[in-house]
Amino acid sequence: MNEFSYIFLFFLVSSLLLKLWLNKRQMTHVYLHRNNVPKDFKGKIELDAHQKAADYTIAKTQISTLNILISSGLLVFLTLGGVLNILVSISQQYIQHDLWAGTALIIGVFLLSHLIELPLDIYQTFKIEQKFGFNNTTIRQFFKDQCLQIALMLIIGIPVIYGLLWVMSQMGEYWWAFAWLFTIAFTFFMTWLVPTVIAPLFNTFTPLEDDQLKSRIQQLLERCGFNSKGIFVMDGSRRSGHGNAYFTGIGNNKRIVFYDTLLESLDPDEVEAVLAHELGHFKCKHITKQMILSTCMTLVGFALLGWLKQQNWFFDGLYMAQVNDAIALLLFILVSPVFMTFLHPLSSKFQRKFEFEADAFASTVAKPTALVQALVKLYRDNASTLTPDPLYSSYHHSHPPASVRIDHLNSLAKPNN
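Worth saying up front: this structure is predicted, and the values here are computed from it rather than measured.

Novice: Is there a simple way to think about the overall build of the chain in this case?
Specialist: Each helix and strand in the chain was counted, giving 16 helices and four strands. Scaling as 2.2 N^0.38, a compact globule of 417 residues should have a C-alpha radius of gyration of about 22 Å, and the chain matches this with 23 Å. Put simply, the chain has 417 residues, and 46% of those count as buried. Total accessible area on the chain is roughly 21200 Å²; 62% of this is exposed by carbon and sulfur atoms.

Next comes the structure, spelled out in C-alpha cells:
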C-alpha cells in the first residue's frame, strides 16, 4: 500500500461512517416524532397517514443503509481486493483488441454492480413498496424492465465507452478536452432523445384529454413564455402509486408530463400550481444553471483524469497490476464519488434555494394556497415524512423539509390575502 491507498481508505471509511450516522439519525428522529402530526399539518394529515409515512421512511432508510454497505464493500473488493485485476485478465484473454477489451471491462463492471444490487431492488419493490400500498408492478413487468434497462445499457453504453477510449488513445496530450466535448454532445443528444424515444419504451404517454384543464395549462404556459411540444399523461400507476409531474427535453422538444396518479389526486387549481412551480425552474433559469455547472464539473473531471492517468501512484494505490486507458477511466468512475461525498451538502443547499425560488415564482402566476394544498396531498399520498432529521435533510434532500416549505409558501400568500 502507498500513501494514496491510505488516503482512499480514509475517505471511504469517513464517508461510510458519515452516511451510516446520518441514516441512524434519520430513523431515530422520524421514529421519535411518529406519534405527533406537526402543528402545520394538523387537520390536514391524519395521524395514521403520518405514522405510515414514518414507517415507510424508516423502512427505506434501512434499505439505504444496506445498499451503502454493499456498494462500499464492492468498491473495496474491486480495487484493494484485486477483483478488478481478475476482470482485466479475463477481458484481455478473450478479446485481443485493446479498445474492445477495455469496453468489455467497463460494461462488465457496470453489469456486475447492477446484478449485485438487483436483490435489493426486488426487495424494495415487492416487499417495501408492496407493504405500504405503492407497488403496482408485476414480477413479469419488473424483469421486463430490467432486461430493457440492460439492453439500453449495452446499446447506448458500448459505443459511448468505445468512443471515449478511442479519444483517450488517439487525441494526444489534450485528449481530455475532446473527451469532454464528446460527453457534452452525447448528453445533449440524450436529453433530446429520451422524451420521444427512450421514455415511451417504459411507459405510455397520451395527450391530456381534459379540455378545461388543458386550456388552463395553455394559458399558464403563455403567461410564462414556455413553448412546449405537448402536455402528456404518463401511466405511472402501471408500476407505482406515487404521483409526480415534470417537464423534459430541450429546445423545441420540450414536453410537460403528468403522472396519472397526480391528476387523480389534485384538483385543477392544484395541478396548475404544481406546474407553475415546475415552470418556475424554467423561468429562473435553474435548468440552464445546472447544465452550465454540470458542464464545468465534467471538464474539471476529465482534466483531473488526464493528470491522474499519468500518475503511477494512482494505479498502485488501488492495487492495479496494469495501467491502461480503460482501467484509468473505470477507476475514476468508481473512486471519484468517494472524494465528492463531503460536497453533497453544498449541492443540496443550492438545489433547495432553487426550490424556494420556483415556489416564489409559482406564487406570482398561480395561487400559493393551491400549491400548499397540492403539496400536502402529495406528502400524504407519497408517504413523505413531515419530520426528517435536519442534518440528514441538509445532506441528502434537494427539497426543503415540508414544514419549512409550507411556511415559506404561506408567507408568500399573505400579501395576496
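Novice: Mind showing me how you'd approach the state of the cysteines here?
Specialist: The bond known as a disulfide is covalent and runs between the sulfur atoms of two cysteines. Taken as a whole and judged by the stated rule, the model has zero disulfides. Here C224 stays free of any disulfide, with the sulfur of C284 as its closest cysteine sulfur at 10 Å. C224 sits in the buried class, given a relative accessible area of 1%. For C284, a relative accessible area of 22% puts it in the partly exposed group.

Novice: What is the right way to read a nonpolar patch on the surface from this model?
Specialist: A surface patch of nonpolar side chains, about 370 Å² in accessible area, is lined by L293, M297, M340 and L343. Tracing the chain through its elements places L343 in the loop between helix 12 (325-340) and helix 13 (344-365).

Novice: Mind showing me how you'd approach the pairing of strand 4 (residues 255-259) here?
Specialist: The element strand 4 is largely enclosed, with a buried count of five among its five residues. Side chains R255, V257 and Y259 of strand 4 all project onto a buried face; the interleaved residues I256 and F258 project onto the opposite face, where all are buried too. By the bridge criterion, four bridges tie strand 2 (residues 231-234) to strand 4 in an arrangement that is parallel. Residue pairing across strands places M234 opposite Y259, the latter belonging to strand 4. As judged from the four bridges shared by strand 3 (residues 245-248) and strand 4, these two strands associate in the antiparallel manner. The residue bridging Y246 from the neighbouring strand is V257, located in strand 4.

Novice: Sorry, what's going on with empty space enclosed by the protein here?
Specialist: The rolling of a water-molecule-sized probe over the atoms marks out the regions of remaining empty space. Counted by the stated rule, this structure contains one cavity of 30 Å³ or more. Its volume calculated, the largest cavity comes out at about 30 Å³. Lining the largest cavity we find I45, A49, H50, A53, Y379, R380, A383, S384 and L386. Contributions of two or more residues to the lining of the largest cavity are made by helix 2 (47-78) and helix 14 (368-381). For the lining of the largest cavity, the element with the highest residue contribution is helix 2, accounting for three residues. Of the residues assigned to the lining of the largest cavity, the class counts are six nonpolar, two polar and one charged.

Novice: Would you mind showing me how to read the nonpolar core here?
Specialist: Where a protein is soluble and globular, its nonpolar side chains tend to be buried together. Grouped together as the largest cluster of nonpolar side chains are 47 residues, with contacts concentrated most on F41, I217, I256, F258, L262, L279 and Y379. At eight residues, the largest contribution of residues to this core is made by helix 14. The residues contacting F258, other than those within four sequence positions of it, are I217, I231, F232, V233, M234, N244, A245, L263, V271 and L275.

Novice: Before we go on, may I ask you to explain the pattern of salt bridges in this structure?
Specialist: Between side chains of opposite charge, a pair can form as their charged atoms come close. A complete count under the given rule lists 13 salt bridges for this structure. Note that E357 and K353 form a salt bridge whose closest N and O atoms lie 2.5 Å from each other. Remark: K353 and E357 occur in helix 13; sequence separation between them is four residues, near one turn of the helix. Look at E357 and you get partly exposed, because its relative accessible area is 26%. You can call K353 partly exposed: its relative accessible area is 43%. Members of the salt-bridge network, linked through shared partners, are R216, R223, D269, E272 and K367.

Novice: So what exactly am I meant to see when it comes to the sheet that holds strand 4 here?
Specialist: Through backbone hydrogen bonds, the strands of a sheet pair up, either in parallel or in antiparallel fashion. If you trace the four strands from one edge of the open sheet to the other, you get 1-2-4-3, paired in mixed fashion. Two strands in the sheet have a free side with no partner beyond their single neighbour: strand 1 (205-207) and strand 3. If you compare each strand with its neighbour and ignore which way they point, the axes differ by 30° on average. Running at roughly 125° to strand 2, helix 7 (residues 211-224) makes contact with strand 2 and strand 4 of the sheet. Set on the sheet, helix 9 (residues 268-283) makes contact with strand 3 and strand 4; between it and strand 3 the angle comes to about 35°.

Novice: How should the packing of helix 1 (residues 3-32) against helix 12 be read in this particular structure?
Specialist: How two helices pack is summed up by the angle between their axes together with the distance between the axes. Their axes nearest at 8 Å, the elements helix 1 and helix 12 cross at an angle of 60°. Put simply, helix 1 runs oblique to helix 12. Handedness of the helix 1/helix 12 crossing: left-handed. In this structure, helix 1 contributes F4, I7, F8, F11, L12 and S15 to the contact, and helix 12 contributes V335, V338 and F339.

About the criteria used
Residues numbered from 1 in each chain as written. Predicted model: local features only at pLDDT ≥ 70, side-chain atom pairs only at ≥ 80, totals over all residues. Heavy atoms only, no water. Helix = DSSP H or I, 4+ residues; strand = E, 2+ residues; numbered from the N terminus. Rg over C-alpha atoms; globule rule 2.2 N^0.38 Å. Buried < 20%, exposed > 50% of the residue type's maximum accessible area, 1.4 Å probe, protein only. Areas by Shrake-Rupley, 256 points an atom, 1.4 Å probe, with all protein chains shown as cover. Disulfide = S-S within 2.5 Å. Patch = residues over 30% accessible without salt bridge, like charges linked within 9 Å, V, L, I, M, F, W, Y side chains within 5 Å. Salt bridge = Lys/Arg side-chain N within 4 Å of Asp/Glu carboxyl O. Pairing = 2+ DSSP bridges. 1 Å grid on protein atoms, 1.4 Å probe; cavity = no way out; pocket = protein on both sides within 12 Å on 5 of 7 lines; lining within 4 Å. Points joined across faces, edges and corners; volume = space filled by probe spheres on them. Nonpolar A, V, L, I, M, F, W, Y, C, P; charged D, E, K, R; others polar. Core = buried A, V, L, I, M, F, W, Y, C linked by side-chain atoms within 4.5 Å. Contact = heavy atoms within 4.5 Å. Axes fitted to C-alpha atoms, helices over the stretch in contact; angles between N-to-C directions. Parallel < 35°, antiparallel > 145°, perpendicular 65-115°, else oblique. Left-handed = near helix turned anticlockwise from the far one by under 90°.

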